Amino acid sequence: MAACNVNSVYSAASVSAIVAQPKLQSRTSLSRYNPNPNPKFPNILLFSSRGVDLISRRSSRTPNFLVLGSSKAEPLRVMISGAPASGKGTQCELITQKYGLVHIAAGDLLRAEIAAGSENGRRAKECMEKGQLVPDEIVVMMVKERLSKPDSQEKGWLLDGYPRSSSQAIALKGYGFEPDIFILLDVPEGILVERVVGRRLDPVTGKIYHIKYSPPETEEIASRLTQRFDDTEEKVKLRLNTHNENVEAVLSIYEDITIKASHINGNVSKEDVFAQIDSALQNLLQQRKATSGSHAA
Ligand SMILES: Nc1ncnc2c1ncn2[C@@H]1O[C@H](COP(=O)(O)OP(=O)(O)O)[C@@H](O)[C@H]1O
């Protein structure tokens, strides 16, 4: 499904312009290494999605390789997706606590833009009111800029609610941002609407409550809780439709790195869902260790 059309400002040309400017994100610069001191035994460059490692041949006869320089442990790059109220926020909190990643939520970036009163914010709100996707020309640049900041580059990132369409995935890939893992929170649809309609935010602490399942601790907190403008039954149904229309296209792009963290009947606790995610992330780190070990061998 296409993004929402706001005042006809969305054009295919603007998106292809975004996609057509690939920029290789290499965290290891070749200039960091000394030039090969012995041209008789040429250096070997090992290219991988993790950057560039320089390997020098010790002798032309012995097939031993000495790793002279390798990029320091790469931070994790994680994408998380799921229907409205599938628990992305809760899982993101648990993931960032344990793995120290920078949490970047596309919806939060858009709400900040609305709060800032910008033209992009005004246009985004029109789409969000309808439960539709905000045009790529607004979202892609916002996410790309946040991912490019030094904290995301150094600590790694957890991208929440992006991409929501194949064009968003392709645009980000064009800028050199690709995830190590794509997590899909799989929650039965029946429980989602109830979760959304009862969801409340404490604007002071940022904590999310549910009036029935996770009520505020005190009267004082209860009196200041707010509700997101799109957390009504009518709007969540629209958002669910949008999610269902787009999820398969996005999944097909990340098929080989997708894990589904499942709520089965909706009865699984947040700790159990996190355990599934945690185990997938640990496996990924183990695999990396094994791969870097075999490079050094
Ligand atoms: N990647 C995105 N592309 C386009 N629109 C988005 C994107 N992320 C969020 N939005 C807009 O913001 C709204 C709220 O998103 P979010 O805060 O993630 O909540 P939800 O859990 O309902 O998806 C979405 O319904 C959509 O209109």
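Residues numbered from 1 in each chain as written. Predicted model: local features only at pLDDT ≥ 70, side-chain atom pairs only at ≥ 80, totals over all residues. Heavy atoms only, no water.

An unreviewed UniProt entry annotates the protein as adenylate kinase originating from Morus notabilis. Entered under Subcellular location (unreviewed entry) in the UniProt record, the comment concerning the protein runs "Plastid, Chloroplast". Here is the UniProt Subunit (unreviewed entry) comment for the protein, exactly as written: "Monomer." (UniProt positions renumbered as here; feature names shortened; annotations may be inferred.)

Caption draft 1: Expanded view of the pattern of salt bridges. Per the counting criterion, the structure on display carries 20 salt bridges. Among the ionic pairs, glutamate 137 bridges to arginine 123, the shortest N-O distance being 2.4 Å. One end of the pair, glutamate 137, is in helix H5 (residues 136–148); the other, arginine 123, is in helix H4 (residues 119–129), and 14 residues separate them in sequence. The partly exposed category is assigned to glutamate 137, whose relative accessible area is 22%. Residues aspartate 151 and arginine 146 are paired through a salt bridge, measuring 2.8 Å at the closest nitrogen-oxygen approach. Connected via shared salt-bridge partners are Arg199, Arg228, Asp230, Asp231 and Arg239. (Salt bridge = Lys/Arg side-chain N within 4 Å of Asp/Glu carboxyl O. Helix = DSSP H or I, 4+ residues; strand = E, 2+ residues; numbered from the N terminus. Buried < 20%, exposed > 50% of the residue type's maximum accessible area, 1.4 Å probe, protein only.)

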